[in-house]
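So you can see what is in the structure, the chains are spelled out below.
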Amino acid sequence: MNEALLASLSAIVGPRWVRHRKAELATYTMDGLPTHESYPGVVVLPGSRDELIAVVRQLHATRTPFVARGAGTGLSGGALAEGNAVLVALTRLNRILSVDPKTRRAVVEPGVVNARLSEAVLPHGLQYVPDPSSQTACTIGGNVAENAGGPHCLKAGVTTNHVTDLEIILPDGSLARLGSTHGDAWGPDLVGLFVGSEGMFGIASRITVRLEPIPATVRTMLADFPSIRSASEAVSAIIASGIVPAALEMMDQACVQAVEASIYAAGYPTDAAAVLLVELDGQPESVAAEHAVVEPLLRAHRARNVLTAETAYDRARLWQGRKKAFGAMGRIAPDLVVQDAVVPRSALPDVLDRIGEIRDRYGLHISNVFHAGDGNLHPNISFDRRNVALAERVRNASREIMTACVAAGGSITGEHGVGNDKLDYMPLIFDAETLGAMQATRRVFDPGERANPGKVVPVHACREWCATPAARTNGSHGRPLAEVTHD
Amino acid sequence: MTDGMLARFREIVGASGVERDPAGLPRVVPDSTEAMARLFALAHARSWRARIEGQGTWLSSDAPADFAVSTRGLDRVVSVSPADLVATVDAGVAIGTLRRRLADDGMWLAIDPPGRPERSIGSIVAAGTAGPLRQGFGPVRDHVLGLSVVTGDGRLVRAGGRVVKNVAGYDLGKLQIGGFGGFGIITELNLRLRALPRADQTYIARAGRDHLTSVARDLTEARLSLQALEIFSPAIAAEPDWILAARIMGTEDGVAAEARRLTAANSLTWQQLPVERASSFWHLSARAVLGGAVTLRLGVLQPGLDDSLDMLAATLDEGLITAGAGSAGGIRWSGEARIDALRALRRTAASREIPMTLERAPWPVRQQLGHFGAYREGVGALVSRLRETFDPGLLLSVALEGDADGR
């Protein structure tokens, strides 16, 4: 790494917060996906917004590529830096700047841990709804970059539905304020465009999120089924009834057995082919009324048992098994590929059959835990990456699973992002023109393509777009517009 | 020039797809996304400026252009999947037509935008105009899973998909939703549907404005689950006083319980509207927005509602107003207004950090004020570059920003 750059970064953040020795960098070589690993050139950890701005400006001045990183839980290889790229770790920017219970808004720095935000607003009877399984570690900034979801996004929507306002630092070091705290935006929906751009449009330095009231009543049900198909059909029946549960999560037998053998044991029946967690929330009467509809639907689709958690303790226990399922799989093998794909709900049974067939053919251990209500699958492949031949089988099986999901009308990722893991799958769902549009949009924010280079858009598969130079310099829309906000 | 132009248009859409508008301007009515793409590739090559039209019930067809293009010919409901609760529809399909088609299968699209039932879904999405149901079901963007858009230079971009959760690639659709056609012309949409609710009740109460907003605050603090909580000015409701309207959806028992909480816990006299009257109440109030030549919306949350309504009354008038009285907020105003009054409103609103979006107005107003007009730090440059990317010839006749002195 360039000594002058190290010195200039150290001058901004202090030498302690610039890491460049190999042992120091090891922490930053993965994002939870064991199939992708790379060492960044250097890691810099700014401690304030001003330091972050200064760092980005310095990287711009030296034309240095960089990768923004939160907690590194993304699972798509998106937060990895390669070669001489600088990894900008945002975990020290972890302040909750304000909470306004009246407007139900909080303003946070990007490194605030997801679960910490909900804890902080709890005294106001509010919560931040998107709850990735990694919520005790993952950051709001990372959630914004990936447009993260979570079990409770079925009814309430994913990250993009909960972010109203962003201050971003563009890769050239300039600032832009997107969206509006008040709901409607100043201009086109650039917040919507930025959320999910995987760190390739710039770095969100201040994030305003919408908070939601904690529901008066929550009822969590556990149903177990003799087949995955009957559980999937129960999911479709519930949605078709007009009831949208707060969460609708499924685990297959392999997953249940891993959970029950672990310290996260939740009392799931290990002989069931599938278990379904259904959570209803709202006013007590509504929840009771919905329960009266949902329970018979579960039984009509051959649920063997339907348990209802009555206490907060029981609910937490049921959820712990689900949320820690990925951790529980650590018992099975040293490495785990958490896959992420989406299919139309009606295709769930067939796609799960197909995944079973792929599993058998490749001789792999696959556990399924997923957001059934959204059709968002997580087939998890347990393996040992030191076994090169096995790792190759995992790669090939992953591709077949993705292809099957796309063939069913789905998408290659529902919440983890493309990163570099799914770069090659992008042409399965987007044509060259649309990929070209993505690349051109990226260049609007980052003409030098220095922010998180090489991710999301497979450049070789794009049709080239270029804005006309004349329009760029002379167009009637090219002038900067007056700032009337603070008149 | 016009004869040659017409001939070229006919080559793309056939003779029946080319007409003239009342002012004699050529109007092209493509019947497929692909024809639309060919049309804009041609227009771009010839530097012909285009005006985008839908069913012609919302925005007046008056933007200056060399030709008009209508989405009327894009009129197919391509597919409806009750199992997956998703529909693929052409952008020219009227919202009323779509509603009827979906209801046949026990589904609905949970948006109630202002305007007539003839208004096209493309217009609703391009303008991002949500109605009172945004309280329960979110803004228009929450209902769009994917879309096809033809850019100003005739490229066809297919953003998003047909599943409810999808983070593959950048979310390009968001730029088009509420982009007023400045970044292309939406031709096809994948929409998120819902099963029709088992029960759907509407309650209204009449009182003075401040009394109603105060009650609405209490209801919000009490965390009632209301799918709409909207306040209507006397002019828009055709009533002597202001009206607060609440809509409750869900299971029969759940709705009944919520209705009891609504009607018991405050100082208003609530009246439940019978099904037919409830339906006409919401439809008429949506249509009444068209009663003024200018419609605008203000991004206001509930705590700022009273002050913002005062600001509107002081700057324009207490005309046709509907406002979100629940946590979603938002004010829509329609009426007649001089440009300098609108400009003053935008300035005053901006000083309070309230964005004002011009939703519809005659071209001279749009041209001078722009749909958005004012941006915050750094946004103007991004919007300019995005426009140049998606409309490199700047040939889409859409006034996002307005003239320099309109701001």
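Here goes a summary of the coordinates provided.

What counts, and where the lines are drawn
Residues numbered from 1 in each chain as written. Chains lettered and ligands numbered in written order. Predicted model: local features only at pLDDT ≥ 70, side-chain atom pairs only at ≥ 80, totals over all residues. Heavy atoms only, no water. Helix = DSSP H or I, 4+ residues; strand = E, 2+ residues; numbered from the N terminus. Rg over C-alpha atoms; globule rule 2.2 N^0.38 Å. Buried < 20%, exposed > 50% of the residue type's maximum accessible area, 1.4 Å probe, protein only. Contact = heavy atoms within 4.5 Å. Lys, Arg positive; Asp, Glu negative; His and termini not counted. Charge placed at Lys NZ, Arg CZ, Asp CG, Glu CD. Pairing = 2+ DSSP bridges. Axes fitted to C-alpha atoms, helices over the stretch in contact; angles between N-to-C directions. Phe/Tyr/Trp six-rings, centres within 6.5 Å; stacked < 30°, edge-to-face > 60°. Lys NZ or Arg CZ within 6 Å of the ring centre and 35° of its normal. Buried area = accessible area lost by both parts, 1.4 Å probe. Salt bridge = Lys/Arg side-chain N within 4 Å of Asp/Glu carboxyl O. Polar contact = N/O pair within 3.5 Å; in protein donor to acceptor, adjacent residues only side chain to side chain. Parallel < 35°, antiparallel > 145°, perpendicular 65-115°, else oblique. Left-handed = near helix turned anticlockwise from the far one by under 90°. Nonpolar A, V, L, I, M, F, W, Y, C, P; charged D, E, K, R; others polar. 1 Å grid on protein atoms, 1.4 Å probe; cavity = no way out; pocket = protein on both sides within 12 Å on 5 of 7 lines; lining within 4 Å. Points joined across faces, edges and corners; volume = space filled by probe spheres on them.

1. Details of the overall build of chain A
Right, on to step 1. A count of helical and extended segments in chain A gives 17 helices and 20 strands.
Right, on to step 2. Taken over the C-alpha trace, chain A has a radius of gyration of 23 Å; the compact-globule value for 487 residues is 23 Å, and the two agree within 12%.
Right, on to step 3. For chain A, buried positions account for 62% of its 487 residues.
Right, on to step 4. Contacts in chain A between residues at least 24 apart in sequence constitute 72% of all its contacts with a sequence separation of at least 6.
Right, on to step 5. The positive charge centre, built from 46 side chains, and the negative charge centre, built from 52, are 4 Å apart in chain A.

2. Observations regarding the sheet that holds strand S16 (residues 294-298) of chain B
Residue and element names in this part refer to chain B.
Right, on to step 1. In spatial order, the strands read S15-S12-S14-S13-S17-S18-S16-S19; together these 8 strands make up an open sheet with antiparallel pairing. Across the chains shown, the open sheet's two edge strands, defined by having one partner strand only, are strand S15 (270-273) and strand S19 (356-360). Across the sheet, the mean angle from the axis of one strand to that of its neighbour is 20 degrees, orientation sign disregarded.
Right, on to step 2. Taken together, the 9 bridges between strand S12 (residues 199-207) and strand S14 (residues 242-250) define a ladder with antiparallel strand orientation. Residue pairing in the sheet places Ile 204 in a bridge with Ala 245 of S14.

3. Details of the pairing of strand S4 (residues 86-89) of chain A
Residues and elements named next belong to chain A.
Right, on to step 1. Along S4, one buried face is formed by Val 86 and Val 88 and the opposite face, lined by Leu 87 and Ala 89, is buried too.
Right, on to step 2. In this structure, strand S3 (residues 66-69) lies alongside S4, joined through 4 bridges in parallel fashion. Across the sheet, the residue bridging to Val 67 is Leu 87, located in S4.

4. Examining the packing of aromatic side chains
Right, on to step 1. Here the structure, examined in full by the defined rule, presents 13 aromatic pairs over all chains.
Right, on to step 2. Aromatic side chains B:Phe180 and B:Phe372 sit 5.6 Å apart centroid to centroid with 70 degrees between the ring planes, which places their arrangement in the edge-to-face category. Linking B:Phe180 in the loop between helix H6 (173-176) and strand S10 (185-192) with B:Phe372 in the loop between helix H13 (363-369) and helix H14 (379-390), this pair joins segments that are 192 residues apart in sequence. For the pair formed by B:Phe180 and B:Phe372, the shared burial category is buried.
Right, on to step 3. With centroids separated by 5.3 Å and ring planes inclined at 80 degrees, the aromatic side chains of B:Phe232 and B:Phe281 adopt a geometry described as edge-to-face. Linking B:Phe232 in strand S13 (residues 228-232) with B:Phe281 in helix H10 (residues 275-288), this pair joins segments that are 49 residues apart in sequence.
Right, on to step 4. Joined through ring pairs, the aromatic side chains of A:Phe194, A:Phe201, A:Phe445 and B:Tyr170 make up one cluster.
Right, on to step 5. Sitting above the plane of the A:Tyr39 ring, A:Lys22 keeps its charged end 4.7 Å from the centroid.
Right, on to step 6. Directly above the aromatic system of B:Trp58 lies the positively charged group of B:Arg119, at a separation of 3.8 Å from the ring centroid.

5. A look at the interface of chain A and chain B
A common way to express how large an interface is: the accessible area buried when the components associate.
Right, on to step 1. The partner chain B presents 76 residues to the 106 residues of chain A that form the contact.
Right, on to step 2. Interface area, chain A with chain B, both sides summed: about 7800 Å², of which 58% is carbon and sulfur.
Right, on to step 3. Between the two partners, chain A and chain B, sit 6 salt bridges.
Right, on to step 4. With its nearest N and O atoms 2.4 Å apart, the salt bridge here joins A:Asp184 to B:Arg297.

6. A look at the sheet that holds strand S6 (residues 105-108) of chain A
All names here are of chain A.
Right, on to step 1. Pairing is antiparallel in the open sheet, where 5 strands are placed in the order S5-S6-S10-S8-S9. Of all strands in the sheet, those bounded by a partner on one side alone are strand S5 (96-100) and strand S9 (175-179). Strand after strand, the sheet turns through a mean of 10 degrees between neighbouring axes, direction not considered.
Right, on to step 2. Pairing geometry for S5 and S6, over 4 bridges, is antiparallel. Across the sheet, Asp 100 pairs through a bridge with Arg 105, a residue of S6.

7. Considerations on helix H1 (residues 3-13) of chain A
At 3.6 residues per turn, the α-helix brings residues three or four places apart onto the same side.
All names here are of chain A.
Right, on to step 1. When H1 is considered as a whole, its buried residues turn out to be Leu 5, Leu 6, Ser 8, Leu 9, Ser 10 and Val 13.
Right, on to step 2. Buried residues along H1 sit against strand S1 (18-19), strand S2 (42-44), helix H3 (49-61) and S4.
Right, on to step 3. Structurally, the start of H1 carries an N-cap: the backbone nitrogen of Ala 4 is 2.8 Å from a side-chain oxygen of Asn 2.
Right, on to step 4. Two residues or fewer after H1 comes Gly 14, characterised by a positive phi angle close to 95 degrees.

8. Describing the packing of helix H11 (residues 305-315) of chain B against helix H12 (residues 339-351) of chain B
Residues and elements named next belong to chain B.
Right, on to step 1. Packing of H11 against H12 brings their axes to within 10 Å, and their N-to-C directions diverge by 155 degrees. Taken together, H11 and H12 sit at an angle that is classed as roughly antiparallel. Handedness of the H11/H12 crossing: right-handed. When H11 is examined against H12, the residues Met 311, Leu 312 and Thr 315 are found in contact with a partner set consisting of Ala 341, Ala 344, Leu 345, Thr 348 and Ala 349.
Right, on to step 2. A breakdown of the residues in the contact of H11 with H12 according to their chemical character gives 6 nonpolar, 2 polar and no charged.

9. Describing the pattern of salt bridges
Right, on to step 1. On inspection of all chains with the given rule, the structure shows 55 salt bridges over all chains.
Right, on to step 2. Each of B:Glu19, B:Asp21, B:Arg27, B:Arg51, B:Glu53 and B:Arg72 takes part in salt bridges that share partners, so that together they form one network.

10. Section: empty space enclosed by the protein
Residues and elements named next belong to chain B.
Right, on to step 1. If you walk through the whole model with that rule in mind, you get 5 cavities of 30 Å³ or more.
Right, on to step 2. If you add up the space inside the largest cavity, you get close to 460 Å³.
Right, on to step 3. Taken together, 31 residues line the largest cavity, and the ones lying closest to its centre are Ile 52, Glu 53, Gly 54, Leu 59 and Phe 180.
Right, on to step 4. Listing elements by their share of the lining of the largest cavity, those giving two or more residues are strand S3 (50-53), helix H4 (121-127), S10 and H13.
Right, on to step 5. Broken down by element, the lining of the largest cavity gets its largest block of residues, 4 residues, from H4.

11. Considering unusual backbone geometry
Most of the time, phi is negative for any residue but glycine, and the peptide bond is trans.
Residue and element names in this part refer to chain A.
Right, on to step 1. Here the phi dihedral of Leu 75 falls at roughly 70 degrees; this positive angle occurs in a residue that is not glycine.
Right, on to step 2. Relative to the helices and strands, Leu 75 resides in the loop between S3 and S4.
Right, on to step 3. On the basis of relative accessible area, Leu 75 is assigned to the buried category, the value being 16%.
Right, on to step 4. Of note, Glu 198 is a non-glycine position whose phi angle comes to about 55 degrees, a positive value.

12. Some thoughts on the layout of surface pockets
All names here are of chain A.
Right, on to step 1. Approximately 820 Å³ is the volume found for the second largest pocket.
Right, on to step 2. Along the wall of the second largest pocket there are 49 residues; nearest its centre are Thr 73, Gly 74, Leu 75, Ser 134 and Cys 138.
Right, on to step 3. For the lining of the second largest pocket, the secondary structure elements donating two or more residues are S3, helix H5 (140-146), strand S10 (203-210), helix H11 (312-323), helix H12 (325-328) and strand S16 (335-338).
Right, on to step 4. It is H5 that contributes the most residues to the lining of the second largest pocket, 6 residues altogether.
Right, on to step 5. Its residues assigned to classes, the lining of the second largest pocket comprises 18 nonpolar, 23 polar and 8 charged.

13. Considerations on the packing of helix H13 (residues 348-362) of chain A against helix H14 (residues 388-407) of chain A
Between two packed helices, the angle of one axis relative to the other and the distance separating the axes together describe the packing.
Residue and element names in this part refer to chain A.
Right, on to step 1. Between H13 and H14, the shortest axis-to-axis distance is 10 Å and the interhelical angle comes to 160 degrees. By the angle class used here, H13 and H14 are roughly antiparallel. As for how H13 packs across H14, the hand of that crossing is right-handed. Facing H13, whose interface residues are Val 351, Arg 354, Ile 355, Ile 358, Arg 361 and Tyr 362, H14 presents Arg 393, Asn 396, Ala 397, Glu 400, Ile 401, Ala 404 and Cys 405.
Right, on to step 2. Looking at the contact of H13 with H14 residue by residue, the class counts come to 8 nonpolar, 1 polar and 4 charged.

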